[in-house]
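# Notes for the structure review
Below are the chains, spelled out letter by letter.
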Amino acid sequence: MSALLPAAAAMPPFHLAFPVHDLAAARRFYGELLGCPEGRSSAEWIDFNFYGHQIVAHLAPGECGHRQSSKVDDHDVPVRHFGAVLSIPQWNQLADRLKAAGTKFVIEPYTRFKGEVGEQSTMFFLDPSGNAIEIKAFADMDSLFAK
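Throughout what follows, the structure given in this document is the object of discussion. (Residues numbered from 1 in each chain as written. Predicted model: local features only at pLDDT ≥ 70, side-chain atom pairs only at ≥ 80, totals over all residues. Heavy atoms only, no water.)

## Some details on the nonpolar core
Here is the rule: Grouping buried Ala, Val, Leu, Ile, Met, Phe, Trp, Tyr and Cys residues that are joined through side-chain atoms within 4.5 Å yields what is termed a nonpolar core. Burial classification: accessible surface area is computed with a 1.4 Å probe over protein chains only, and a residue below 20% of its type maximum counts as buried, one above 50% as exposed, and the rest as partly exposed. Note on conventions: DSSP H or I runs of at least 4 residues are helices, E runs of at least 2 residues are strands, and numbering of each starts at the N terminus. Residue contacts are counted whenever heavy atoms from the two residues lie within 4.5 Å of one another.
In terms of nonpolar packing, the biggest core is built from 28 residues, with Tyr 30, Leu 34, Phe 50, Tyr 51, Met 123, Phe 125 and Ile 135 touching the most fellow members. Listed by contribution, the elements that provide at least two residues to this core are strand 1 (15-20), helix 1 (23-33), strand 3 (45-50), strand 4 (53-59), strand 7 (81-86), helix 2 (88-100), strand 9 (120-126) and strand 10 (132-138). The element that contributes the greatest number of residues to this core is helix 1, accounting for five residues. The residues touching Phe 125, leaving out its near neighbours within four places in the chain, are Phe 29, Leu 34, Leu 98, Thr 103, Lys 104, Phe 105, Val 106, Asn 131, Ala 132, Ile 133 and Ile 135.

Following this line, the structure appears as structure tokens:
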């Protein structure tokens, strides 16, 4: 799994805290399915290394769930989501693993903005608490912020 994780010195890590309804389900999803190593934890929260970034699943069932969508490239993109930008090989490897695990995608893996600046492979799925996750990859990482 560590092959999916970038070197920590390659970028400054961000921190994101998000709600979950069940910590054991979060451990299975983020730790086992996505391959994110677990850090510190308590009875109320768990830290994960999410591709070199610190995310924290907090037990807060009333805060969970996907609520709004927005149109992007003719798809209904969950407005509240987080994710990671991987290399194309890493993205393909994760897409294959998620498909093999029977993951139900909000947006199936595909390439958006084909032939345009910012062409990217993307996929959206929900964690067990309904948090939307986008994983994307750019053939040209220099186009990450291109207009």
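From this point, the discussion proceeds with the structure in view.
## Observations regarding the sheet that holds strand 3
Heads up, the condition is: Criterion used throughout: strands pair if DSSP finds at least two bridges between them. Fitting a line to C-alpha atoms yields each axis, with helices limited to the stretch in contact; the angle taken between N-to-C directions then spans 0 to 180 degrees.
The four strands lie next to each other as 1-4-3-2, forming an open sheet whose pairing is mixed. Each edge of the open sheet carries a strand with a single partner, namely strand 1 and strand 2 (38-41). When the angles between neighbouring strand axes are averaged without regard to direction, this sheet yields 25 degrees. Sheet topology places strand 1 next to strand 4; six bridges connect them, and they run parallel. Residue pairing in the sheet places Leu 16 in a bridge with Ile 55 of strand 4. Its contacts with the sheet put helix 1 on strand 1, strand 2, strand 3 and strand 4, and the angle it makes with strand 3 is roughly 5 degrees.

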